[in-house]
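Overview (structure and organization)
This is what each chain is made of:
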Amino acid sequence: DIQMTQSPSSMSASLGDTVTITCLASQDIGNYLSWYQQKPGKSPKLMIYGATNLEDGVPSRFSGSRSGSDYSLTINSLGYDDEGIYHCHQYYEYPYTFGAGTKLELK
Amino acid sequence: QVKLLQSGAALVKPGASVKMSCKASGYTFTDYWVSWVKQSHGKSLEWIGEIYPNSGATNFNEKFKGKATLTVDKSTSTAYMELSRLTSEDSAIYYCTMAFDYWGQGVMVTVSS
């Protein structure tokens, strides 16, 4: 199975900060990588697909990038509405797998 | 708009089975794969498997073969997942998702005697 090593597992940042969450794929997954945001008690919400493509309706403060097997989600101008758990997900190969999640809190 | 409405929470005894539903609306049900995802301990996600409603074709995570059964009813645009021989390890929230673009609200399954 493809392992997605996500870091950090949790982080705390201030209003207006820029934060980056990363996922390292254990093998090549091309650009078959999505990012989801999950609020407490809610289902995951697609934010980024194809590693770099912003889902409709998602603020442009969110961006995705790739460097080799490293995938990153960057959030600029952090706001309180950005708190939650962020998950990466590879859909290149079965079984589809997810990172362990990053809990983002605002100070 | 696309909606996936899942059945309610379930409390089941060890060794029993549970069947949950996912009713789709707002899109052509038979055109998209429906996946099922497990969330344990409120954080990590696991892909269980997927079903293509048009043909009933399925793909599974090996870990859930023999545990999960996926079916659909095209007449009601509803997908089902049945989990068998339940243990405490199966206590979790289970989501259905249309091609990972749209997600149901989740079903909390608690396995307890």
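Preceding block: the structure.
Residues numbered from 1 in each chain as written. Chains lettered and ligands numbered in written order. Predicted model: local features only at pLDDT ≥ 70, side-chain atom pairs only at ≥ 80, totals over all residues. Heavy atoms only, no water.

1. So, the sheet that holds strand E7 (residues 62-67) of chain A
Residue and element names in this part refer to chain A. Reading across the sheet, the 4 strands line up as E1-E3-E8-E7 and stay open at both edges, with antiparallel pairing between neighbours. Looking at the sheet topology across the chains shown, the edges are occupied by strand E1 (4-7) and E7. Neighbour-to-neighbour, the strand axes of the sheet open up by a mean angle of 20°, direction not taken into account. Two strands pair when backbone bridges link them, and E7 and strand E8 (residues 70-75) are joined in this way by 6 bridges, in the antiparallel orientation. Directly across from Ser 63, in E8, lies its bridge partner Thr 74. (Pairing = 2+ DSSP bridges. Helix = DSSP H or I, 4+ residues; strand = E, 2+ residues; numbered from the N terminus. Axes fitted to C-alpha atoms, helices over the stretch in contact; angles between N-to-C directions.)

2. So, the pattern of salt bridges
All names here are of chain A. Within the structure shown, the criterion is met by 7 salt bridges over all chains. Linking Arg 61 and Asp 82 is a salt bridge whose minimum nitrogen-to-oxygen distance equals 2.7 Å. Of this pair, Arg 61 sits in the loop between strand E6 (53-54) and E7 while Asp 82 sits in the loop between E8 and strand E9 (84-90), and the two are 21 residues apart along the sequence. A relative accessible area of 24% means that Arg 61 is categorised as partly exposed. (Salt bridge = Lys/Arg side-chain N within 4 Å of Asp/Glu carboxyl O. Buried < 20%, exposed > 50% of the residue type's maximum accessible area, 1.4 Å probe, protein only.)

3. Some thoughts on unusual backbone geometry
In this model, Ser 7 of chain A is joined to Pro 8 of chain A through a cis peptide bond whose omega is -5°. The linkage connecting Tyr 94 of chain A with the following residue, Pro 95 of chain A, adopts the cis geometry, with an omega of -10°. Residue position: Pro 95 of chain A is located in the loop between E9 and strand E10 (97-98). We note that Phe 100 of chain B has phi near 65°; this positive angle belongs to a residue other than glycine.

4. Examining the interface of chain B and chain A
Between chain B and chain A, the contact holds 16 residues from the first and 18 residues from the second. Interface area, chain B with chain A, both sides summed: about 1400 Å², of which 61% is carbon and sulfur. Interface area lost by chain B to chain A is led by Lys 43, Leu 45 and Phe 100 of chain B, which between them contribute 41%. Where chain B meets chain A, there are 0 salt bridges. Those elements that place two or more of their residues in the side of chain B that touches chain A are strand E4 (34-40) and strand E5 (44-52) of chain B. (Contact = heavy atoms within 4.5 Å. Buried area = accessible area lost by both parts, 1.4 Å probe.)

5. A word on the nonpolar core
In summary, soluble globular proteins display a tendency toward joint burial of nonpolar side chains. One finds Met 20, Trp 36 and Met 81 of chain B to be the most contacted residues of the largest nonpolar core, which totals 28 residues. Of all elements in the fold, only strand E2 (10-12), strand E3 (18-25), E4, E5, strand E7 (68-73), strand E8 (78-83), strand E9 (92-98) and strand E11 (107-111) of chain B reach the threshold of two or more residues within this core. Counting residues in hydrophobic clusters, the runner-up holds 24 residues, among them Ala 25, Ile 48, Ile 75 and Leu 104 of chain A. (Core = buried A, V, L, I, M, F, W, Y, C linked by side-chain atoms within 4.5 Å.)

6. Some details on the sheet that holds E7 of chain B
All names here are of chain B. The strand order E1-E3-E8-E7 describes an open sheet built from 4 strands, whose pairing is antiparallel. The open sheet has two free edges, formed respectively by strand E1 (3-6) and E7, since each of these has just one partner strand. The average angle at which neighbouring strand axes cross in this sheet is 20°, direction not considered. Pairing between E3 and E8: 6 bridges, direction antiparallel. For Lys 23, the partnering residue across the bridge sits in E8 and is Thr 78.

It is worth stressing that arrangement in space is one thing and function is another; only the former is reported here.
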